[in-house]
Every structure is written in structure tokens, then in C-alpha cells.
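Letter by letter, the chains look like this.
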Amino acid sequence: MILETLGAITILTGLYNIYKIQNYELVELKNKWKDIMEALEGEPYNNIKTQTFRITNTIKKEYGYDFIVNIPVKYSYKNLEDKLQLLENALGCDIKMNWNKKDSSAYLRLYKKQPEGIDLIQYKWNKVMKQKNLITLFNETYKLTNLIVQKKYGYDCEIEIPDGLSQSQLKDNQEFLDNAFGYVYIDYKSFTNKLSTKIVTEPLPDNYKFEPVKTKPYQFYVGTTHYYSNVVVDMSVDPHILLSGSTNSGKSILLKMAIANQIYQHTEEEIEFYFIETAEKTNDFDDFLKCKQVKAFAYNYNYAYKTLNYINNQIKTRSKIFSKYKTKNIYEYNKKIKNCTLPFINLVIEEIPSLMPDTEKTDLDYIIKTKCIRLLNTIVSQGRFAGIYIIGTVQRSDKESIKPTIKSNLNTRIALKQNNEASSLVVIDCGDAVSLPPREAIVLTSGNYTKIKTPYIDDKVIYNLIKNSIDKKHKLMTFNNSYQGTEAIPPINNVTDITKKMNKSKGDVCIDGLFDEKGRINL
């Protein structure tokens, strides 16, 4: 009994000491407030006739204290706000201040220690807004509301935009927000003052492993956001990809992953790949050589030209087919002629600048490069309706590296780490790609800005993805040495195979007059 009594006394004594310390801290804060007000007014604070900012109520919180301060008639909320820096220095804490218009008072949140959880996010957010001066004349700022904890990555919330501030001001401070929190994903939408937002405090780990991602034949999986959402580029909406990154940024890994995932998902009747690698050979794509979906590899300018010419003629061929069946594009055609669909064609060009002719015409390959660029320009501007897409890479991005008419049609931009701000601006129209760590990228599609990370993937995983498509007897397209590009190369498995399929069909598709007896299109 005596021991229990002594224990209770010890606990009560401890609690009293805590209360005494906290009470002393509060009294000290109030006294400092009083000293500040007396120094500002030149009159005693305790004199009821003195017109000054008075503390009318205090509330103890985990992070410190909340003060309710009355605003006298001769002053405004703005007068108190102007003294915020002075108050923070004198009271020794960060202060968040809000105006209660109804009863002419101010609500002050005094942070004596850094808060936790949702309070910490609110605290950091308001601090960032103050540091970047994102505050209206009425002391309003972007407000975080409806904060919900997401154990996997951080928080979901909404950002409310007050009158006097805009979405563009938030966009301009994206990098600053990412540095403050980790990653901030804001879903920008027109004509709204509420933006759905994800604040990531636990980013995607480096050992996050690749898993196959379901795609359609005209889509490419390019990475995952830090809130575990897979990012799939839809070529029917944002056709053609420009992929850029400095050495060791992870550009090749991202591209190989995207190609392997497509080969895993789709047969050679659904997709085809053509590769042009006229720059220094890297062997990056040799793993795909025996895949049935891969139709050609061009390692020199002559073969590059022939490949481009073949694909250009595919546009003409398909245009004739669509016209015959009263369809506008491959999407309508494949939907209508289901027993005889056309495959989507993907042309992968490693280092697009290698095809650019020397402006001074001193390049030995000037003529054939000029022809290549003309064909590429046609393909990139007309390929979408025919289901033909370009995926081009570039290591050093500058204004001269890609012809403007070609670049303007590469609607999806993916930037990994860039060596300088100028290079980043060329690819994604902002300098944010300079500070990216390896395997991270910024994807720009239809004005949407998304930060992604490439999951961990190695050659073994890639092989397991494509092994069912490998045919050791598979032969790539060959070009006759006498071929000069004056006529279409006989198609491999497009037009010819279409006629075979149609002949085997139940007669519900008619192709009379469209093909000759050899199965070639009558152009």
C-alpha cells in the first residue's frame, strides 16, 4: 500500500513539473508579447484604454500554442501581419497567421517544435508559400484541404486557389515544392480553383522491381510515378516520342524496358519494330534481333534511307486501304475489319541528330542524309493516321540537334537528366531535368507534366519478357543492292499477308481491284 502511494505521488509530481514548465513557457510568451506591444505603442499594455493587439485566448497544442488576438479599431489585420517577422524573432518560433473576419481577430499558430504528420505538411506548406511570397494582398495563399494519409507514399489532398493567385504561379514553383516535400504531383485542370494533389514523402525505392504493364498496341509503358501509378504514353493521343538523357541517365534502360514490355504484350500481327542506329553502334537493341516483331535494323545511312522509304510507302499503302474501306485511320479500320487488322509500326531511331545533314554541305553523306530527313519529316507529320510512330532519342539536346518541323511533331517528350538548363529547355520547355537523379524522368504530354522513375530491370528480366517471341530462324528485312528507293519495297507481312487472310476469310471482306495478282497494292 505504501509503495503504491509513493508511486502515485511520484507520477503526480512529474505531471505537476511538466505543467509548471509548460505554464512557465506560456507565461514567458505572454510577457514577451506584452513587451513588444508596449514598445510599439509607447503605452502600458495593461492599461485598458491602450489600443493594441491583445491576446484574448491561448490553447496548448502538441506543436506549441494557438493564440487568438483581438484587432483594435484603429488597426487592421494587415498592421499585425506586417509585424510577423518581428514577432517570430522575439517569441523564438515560427508563426502561422490567419484572419477571422467575423469577429475582427487574428488566429496565430505558434510552433515551438516541429509538428508531425498532417500538421507537419501544413506547417511546411505555409512556410514554403511565405518564402516564395505566394500570398495575396489579403494574406491568403494556396490552401491545403482534405488531407488524407496514404501509408505507401504520403498524402492525398486538394489545393484551393484564392483570388489573386493562379495555377501558373504554382507551376513556376514546382521544383521548389519538390525540394521541400519530396515530390508534389498536382493535377492541373482549367477553370477550377481546386486541384487534386499528391504529396509524396516516401518516394519509389531504387529496388522497386519491374512487372509487366498491360498496354494496347499503340501505347508504351515508360515508368512509374512516386505514388505507384504506371505512366503509359498513348500514341493515338500524343504520337511520336522524343527521349533525351545524358550519359548514364538511364535512357537506354527506359527504352529497352518500353520495347520489351510491348513485345511481351503483343504479337507480330499487332506491332512491328524497325530500328535505325547510324550513330556509333551500342548493341543496346541486339537482344531484340530475333524477335518476330522486329522487321529491320539499319546500321548505315543507305539502309536507314531504304527503311525510311519503305515506311513512307506504308503510309501510302495504308491510305489506299483506308480509302477503299471508307475509314479515316488505322483505329477505324482495325475496328471495322477485325479479321484482317493492320499492325502498328514503331520506328526506333537511336540519335536522331546523326541523320541531320551538315549545314555547310561538307558531310560525305550529305545527299543521303538530306533524303532521310525529308522522309522522316513526312513520316512524323503523316504517320499517326496510318499507325506509324517514331521513337527518337537524343543525348545532347540543343536548338540545332533536331529539325524544328520534326521536333514540333514529336508530341511526347521524355527527359532524363540533362547536362544543363539549355538542354532541358529544348526537350521539355523548362530547366527541371537538370537536377534529376539516374533513372528518373519528366514526361511531357499534351501539356501534362509528370515525374516518373524507371523500375529496376536487367537483361535477364528483359529476356524473360521476349523469349516467347524469339525465333532463331527469324530473318530481318533485306534490301537489294540495286534498290534505289524509286518504288515500294514489297511488304513483309502487311499487304501480302492481308490478301492471304482475306482469301481465307468467309467472304465478308472484299478487296477487288485493290491488289494485283502478286498481292501488291495498286498505287
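To start, this report covers the structure provided alongside it. (Residues numbered from 1 in each chain as written. Predicted model: local features only at pLDDT ≥ 70, side-chain atom pairs only at ≥ 80, totals over all residues. Heavy atoms only, no water.)

**Describing the pattern of salt bridges**
By the definition in use, this model includes 13 salt bridges. Here K74 makes a salt bridge to E41, at a shortest N to O gap of 3.5 Å. You can see K74 sitting in the loop between β2 (64-70) and α2 (77-81) and its partner E41 sitting in helix α1 (residues 2-41), a full 33 residues away along the chain. Of the residues examined, E41 reaches a relative accessible area of 18% and is grouped as buried. Close ionic contact of E160 with K194 constitutes a salt bridge, the shortest N to O distance being 3.9 Å. Of this pair, E160 sits in strand β6 (residues 154-160) while K194 sits in strand β8 (residues 194-200), and the two are 34 residues apart along the sequence. On the basis of relative accessible area, E160 is assigned to the partly exposed category, the value being 26%. The class of K194 is partly exposed, set by a relative accessible area of 42%. Among the charged side chains, a network of salt bridges with common partners joins K256, D287 and D459. (Salt bridge = Lys/Arg side-chain N within 4 Å of Asp/Glu carboxyl O. Helix = DSSP H or I, 4+ residues; strand = E, 2+ residues; numbered from the N terminus. Buried < 20%, exposed > 50% of the residue type's maximum accessible area, 1.4 Å probe, protein only.)

**Regarding the sheet that holds strand β7 (residues 183-186)**
Pairing within the open sheet is antiparallel, and its four strands lie in the order β5-β6-β8-β7. Two strands lie at the open edges of the sheet, namely β5 (143-150) and β7, each paired on one side alone. Looking at each pair of strands side by side, their axes are set apart by 25 degrees on average, direction ignored. In this structure, β6 lies alongside β8, joined through seven bridges in antiparallel fashion. Its bridge partner lying in β8, Y155 is registered against I199. Against the sheet, helix α4 (residues 117-131) contacts β5, β6 and β8, and its axis sits at roughly 145 degrees relative to β5. (Pairing = 2+ DSSP bridges. Axes fitted to C-alpha atoms, helices over the stretch in contact; angles between N-to-C directions. Contact = heavy atoms within 4.5 Å.)

Shape descriptors only; they carry no functional weight alone.
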